[in-house]
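Examination of the molecular architecture
One-letter residues, chain by chain:
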Amino acid sequence: MKNKKRLSAKLLIMLVALELIAFSLNMFFEPHSIAAGGATGIAILLQAGWKIPTFISVLVINIVMLVLAYIHLDRQTTFKLALGSFMLPLLLYITPVYNLIPNSRFISIIVGSIIFGIGLAILYTLNMSSGGTTVPPMIIHKNFGIDKYISLFIIDAIVCLGNFVVADIISFLLAVMSVGISSLAIKGFGVLHQKHHVTQ
């Protein structure tokens, strides 16, 4: 019974984390066409350039990544990836796209990056993932021993460069800034989470 309650609580928290990510993307990033890395960043580039709905692009990317995970990684990891891989596109579809801060891309991206980072940080504390471009770094680490954060940084950098193609240098700089702010939010949340565990 306790295990079922823990699993239910974990899934509920995971759902909240994924909704934070979907909310940040649909309310702050997509309205300004800022792609700040990851599968969601690729989806925003495709939406800005070719009007492909972000949830469709994220779903397709996540399915491809799941196939790769199934081939190259263990089944438990693939199962954990599968939950977020299908739930995030669904939440992106359900959550409306609305420009909450229309007069300032700069402030919009700062706020969105913090919310996005908190969502990711919660997933990390649960040892879960939203899938997407987190898969290639896992495969590269398994086969070549290269740190996952290095591979992920390179992927995010390439996606950020895509802002040059669909927008301008300001969009690129905002995307780079977003990656930095999200990373700080993840680290900050991690520190607070550790302190909370220590005090318990």
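Here goes a summary of the coordinates provided. (Residues numbered from 1 in each chain as written. Predicted model: local features only at pLDDT ≥ 70, side-chain atom pairs only at ≥ 80, totals over all residues. Heavy atoms only, no water.)

**Thoughts on the overall build of the protein**
To keep it simple, the criterion reads: Each helix corresponds to a stretch of at least 4 residues labelled H or I by DSSP, and each strand to a stretch of at least 2 residues labelled E; elements are numbered beginning at the N terminus. Within these notes, the globule rule equals 2.2 Å times the number of residues to the 0.38 power, and the radius of gyration is based on C-alpha atoms. Using a 1.4 Å probe on the protein chains alone, a residue whose accessible area is under 20% of its type maximum counts as buried, one over 50% counts as exposed, and one in between counts as partly exposed. Whether two residues are in contact is decided by their heavy atoms: any pair within 4.5 Å suffices. Throughout, the Shrake-Rupley method with a 1.4 Å probe supplies accessible areas, and for residues the shown protein chains are the sole cover considered. When charges are tallied, Lys and Arg are placed among the positive residues and Asp and Glu among the negative ones, while His and the ends of the chain are skipped. We put the charge of a Lys on NZ, of an Arg on CZ, of an Asp on CG and of a Glu on CD.
When helices and strands are tallied, the protein shows eight helices and zero strands. What you see in the protein, going N to C, is helices and strands ordered as α-α-α-α-α-α-α-α. A globule of 200 residues ought to have a C-alpha radius of gyration of about 16 Å, and the protein, at 17 Å, matches this closely. Along the three orthogonal principal directions, the C-alpha set of the protein runs to about 50 × 40 × 30 Å. In the protein, buried positions account for 42% of the 200 residues. When contacts within the protein are restricted to residue pairs at least 6 apart in sequence, those whose partners lie at least 24 apart make up 74%. Summed over all atoms, the accessible surface of the protein reaches about 11,000 Å², with 72% contributed by carbon and sulfur. The positive charge centre, built from 13 side chains, and the negative charge centre, built from 6, are 15 Å apart in the protein.

**Regarding the packing of helix H3 (residues 54–72) against helix H4 (residues 75–94)**
The cut-off we apply is this: What counts as an axis is a line fitted to C-alpha atoms, over the stretch in contact for a helix, and the angles between N-to-C directions run from 0 to 180 degrees. Convention used here: angles under 35 degrees read as roughly parallel, angles over 145 as roughly antiparallel, angles from 65 to 115 as roughly perpendicular, and any remaining angle as oblique. Residue polarity is assigned by list, with Asp, Glu, Lys and Arg as charged and Ala, Val, Leu, Ile, Met, Phe, Trp, Tyr, Cys and Pro as nonpolar; anything else, Gly included, falls into the polar class.
As a packed pair, H3 and H4 sit with axes 9 Å apart at the nearest point and diverge in direction by 175 degrees. Taken together, the axes of H3 and H4 lie roughly antiparallel to each other. On the side of H3, the interface is formed by Phe55, Val58, Leu59, Asn62, Ile63, Leu66, Ala69 and Tyr70, while H4 contributes Arg75, Thr78, Leu81, Ala82, Ser85, Phe86, Leu88, Pro89, Leu92 and Tyr93. The class makeup of the residues in the contact of H3 with H4 is 14 nonpolar, three polar and one charged.

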